[in-house]
Amino acid sequence: MRKMEEQDALDLVVKLCKILVAQKIDYCHWKSNSFLSSSARGDNDLDLLVSRAQTQSFIEILYTLGFKESLVPRGEALPGVRNYYGYDQKTGRLVHVHAHFQLILGSDLSKNYHLPIEQVYLESSTRGELFRVSAPEFELVILVIRMVLKHSTWDSIIMRHGNLSSSERYELNDLSTEETLSKVNTVLLHLPGLNRNLFDLCLQSLQPDCPYWTRIKAGEQIQKVLRTCARYPHWLDIILKFSRRIWQPVQRRVFRCMPKKRFVSGGLFIAIIGGDGAGKTTVIDELYEWLSGKFEVKKFHIGKPAWSWTTIAIRGMLKIGTLLHLYHFEGDVYEESLEPHGYPWFIRTVCTARDRYLTYIQARRSSSNGSLVLCDRYALLDFMKMDGPQCEFAITNSPKMNWFLKFLTDKEKSYYQQIKLPDLLIVLKVDPEIAVQRKVDETEASVRARSSEVWDLDWGKLSAFEINANRSKEQVLSQVKTLVWEHL
């Protein structure tokens with residue numbers, strides 16, 4: 001399984017490996033080397049152990065290739081371990097480089113042990129077809145220690161973490177060859193207290209038919225040997241593991257919250273604008289699916305904001321008036337109608353402006369706290385009629401101007417004045433005639449008017465990025481992804 005064809009690897013992974021060799025970076029792919037082909041394709045993380053002395057050079061290479069550093073949720077950060085994500089443009093996939101400057105391992109709930117053998121581990125590595133990889137005997141010893149700490153301690157068995165996964169089982173069998181086992185003693189010399197008898201006991205404890213008492217014995221002994229390598233006292237490690245084992249399911253199932261990574265550079269407020277048929281919602285949904293699996297991402301619809309309680313109450317009363325035929329329902333300002341708008345229309349419009357303003361506040365707060373924010377449509381004052389102030393355009397057709405209409409007009413405008421430009425404004429421009437063909441569920445006049453407005457405006461005034469949405473969905477999405485990644 002260690003053998004891997006370079007042509008199957010992502011372009012970004014190949015570039016990274018070649019530059020690391022050219023720059024003589026002392027590194028190796030230090031675990032899960034039985035699945036190197038999956039790592040090269042971006043299916044698995046790239047777990048790279050890097051010489052501490054070359055940390056700065058390694059990070060500079062990552063940034064040169066467009067990698068972005070991310071922060072793990074609070075309480076999950078590990079010393080000497082950093083996370084970087086790169087974007088492979090050809091496939092649209094993300095590459096996760098899990099950079100280790102220290103060998104930190106243990107239960108997934110605490111990672112309590114640091115093995116200070118990084119330098120000899122790196123010295124054992126050799127260059128493979130694509131990656132530098134550790135010597136099999138070093139990888140096997142570390143794998144056995146990792147698996148015993150994860151699955152053979154009494155607390156892991158009680159918490160139902162006692163069984164190896166299928167991939168862990170495969171990796172253990174793949175490494176446990178006679179040739180590798182014959183070289184294990186040379187590795188154990190670098191781990192005082194871990195002799196061959198204890199290693200064999202640990203290896204035995206990982207077999208499927210091993211009795212519980214043998215597994216627990218191996219777990220206790222390995223923790224005793226590694227006591228000087230522990231980040232926390234043993235009692236505190238137990239408390240951390242049990243508390244996190246209880247809290248994480250509660251957090252996920254009860255509070256519907258599972259913290260995700262955030263970028264070191266902070267959040268980003270992204271708005272995507274376009275006329276009807278430009279594919280705004282499709283692009284937003286694709287971006288969300290692409291990023292939300294790893295990162296904190298939130299979606300907002302400023303064009304059609306969620307109603308506040310005030311809006312629900314006001315529009316409820318207006319709806320009753322419509323049902324009692326006190327006045328008729330009025331459409332938007334894009335419809336071809338010479339009928340003047342009445343008071344109910346103005347009131348609803350102000351409610352929409354207020355809800356857009358409130359949605360903007362939520363979105364801005366989320367991005368300021370580190371989340372990636374995706375906004376479907378956006379409110380632009382004195383630039384675009386769609387999703388902007390409506391009262392000023394409609395008041396010319398009103399029978400008369402009075403203090404109440406002026407109050408509503410000024411109130412609506414005040415909400416839009418407080419909505420500032422997003423960090424990244426992307427405009428999907430589609431030819432109005434193509435938009436009419438795509439958007440068949442709305443009136444032709446409304447679709448053509450909205451699309452023509454976006455098509456004709458000079459978006460350079462707002463430093464917006466224009467995307468030709470006449471092209472295929474795949475082409476548009478690829479360009480948008482590249483643009484978003486560059487600004488993260």
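The present account deals with the structure reproduced in this document. (Residues numbered from 1 in each chain as written. Predicted model: local features only at pLDDT ≥ 70, side-chain atom pairs only at ≥ 80, totals over all residues. Heavy atoms only, no water.)

## A closer look at the sheet that holds strand E11 (residues 268–274)
Adjacent strands of a sheet form backbone hydrogen bonds with each other and so pair up, either parallel or antiparallel. The line we're drawing: Note on pairing: DSSP must find at least two bridges between two strands before they are called paired. Numbered from the N terminus, helices here are DSSP runs of H or I no shorter than four residues, and strands are runs of E no shorter than two. Between N-to-C directions, angles span 0 to 180 degrees; the directions come from axes that are lines fitted to C-alpha atoms, helices contributing only their stretch in contact.
Taken in spatial order, the five strands make up an open sheet running E12-E13-E11-E14-E15, and their pairing is parallel. Each edge of the open sheet is held by one strand with a lone partner, namely strand E12 (297–301) and strand E15 (465–468). Geometrically, the sheet is characterised by an average inter-axis angle of 20° between neighbouring strands, direction not taken into account. Sheet analysis places E11 next to strand E13 (residues 372–376), joined by five bridges and oriented parallel. Bridged to Phe 269 within E13 is Val 373.

## Thoughts on the pattern of salt bridges
Close approach of charged atoms allows side chains with opposite charge to pair. Operational definition: The working definition used for a salt bridge is a side-chain nitrogen of Lys or Arg within 4 Å of a carboxyl oxygen of Asp or Glu. Only protein chains enter the area calculation, which uses a 1.4 Å probe; residues under 20% of their type maximum are buried, those over 50% are exposed, and those in between are partly exposed.
A complete count under the given rule lists 20 salt bridges for this structure. Residue Asp 155 pairs with Lys 241 through a salt bridge whose shortest N-O separation is 2.7 Å. Taken together, the positions of Asp 155 in helix H6 (residues 154–158) and Lys 241 in helix H12 (residues 234–253) put the pair 86 residues apart, joining distant regions of the chain. Residue classification places Asp 155 among the buried positions, given a relative accessible area of 0%.

## So, the side chain of Lys 241
Put simply, the test is: Whether two residues are in contact is decided by their heavy atoms, any of which lying within 4.5 Å being enough.
Its relative accessible area of 2% is what places Lys 241 among the buried residues. Apart from residues lying up to four places away in sequence, Lys 241 is in contact with Ser 107, Leu 109, Ser 110, Thr 153, Asp 155, Met 159 and Gln 223.

## Section: the packing of helix H13 (residues 280–291) against helix H20 (residues 473–487)
The angle between the axes and the distance between the axes are what describe a pair of packed helices. To keep it simple, the criterion reads: Here roughly perpendicular refers to angles of 65 to 115 degrees, roughly parallel to angles under 35, roughly antiparallel to angles over 145, and oblique to all remaining angles. Helix crossings get a hand from a simple test, with the near helix turned counterclockwise from the far one by less than a right angle marking a left-handed crossing and a clockwise turn marking a right-handed one. Following the grouping adopted for this structure description, the nonpolar residues are Ala, Val, Leu, Ile, Met, Phe, Trp, Tyr, Cys and Pro, the charged ones are Asp, Glu, Lys and Arg, and the polar ones are all others, Gly among them.
The interhelical angle for the contact between H13 and H20, taken along N-to-C directions, is 55°, at an axis separation of 11 Å. Comparing the axis directions of H13 and H20 gives the class oblique. Note that H13 runs across H20; the crossing there is right-handed. Contacts between H13 and H20 involve Thr 282, Val 283, Glu 286, Leu 287, Trp 290 and Leu 291 from the former and Lys 473, Val 476, Leu 477, Val 480, Lys 481, Val 484 and Trp 485 from the latter. When the residues that make up the contact of H13 with H20 are grouped by side-chain class, the tally is nine nonpolar, one polar and three charged.

## As for helix H10 (residues 196–205)
In plain terms, the rule: Polar contacts, as counted here, are pairs of nitrogen or oxygen atoms within 3.5 Å of one another; within protein the pair requires one atom able to donate a hydrogen and one able to accept it, and residues that are adjacent in sequence qualify only if both atoms are side-chain atoms.
Of all the residues in H10, the buried ones are Leu 198, Phe 199, Leu 201, Cys 202, Leu 203 and Ser 205. On the buried face of H10, the contacting elements are helix H5 (136–151), helix H7 (166–175), helix H8 (178–181), helix H9 (184–188) and helix H11 (212–225). In this structure Asn 195 caps H10, since a side-chain oxygen of it lies 3.2 Å from the backbone nitrogen of Asn 197.

## Quick notes on the nonpolar core
To keep things clear, this is the line we draw: Take the buried residues of types Ala, Val, Leu, Ile, Met, Phe, Trp, Tyr and Cys, join any two whose side-chain atoms come within 4.5 Å, and each joined set is a nonpolar core.
Ranked by internal contacts, the top residues of the largest apolar core, which has 39 residues, are Leu 115, Tyr 121, Val 141, Val 144, Ile 145 and Ile 222. Contributing elements (two or more residues each) for this core: strand E6 (103–105), strand E7 (113–115), helix H4 (118–123), H5, H7, H9, H10 and H11. Top contributing element to this core by residue count: H5, with 10 residues. Counting 34 residues, the second largest nonpolar core, distinct from the first, contains Phe 269, Ile 273, Phe 346 and Ala 353.

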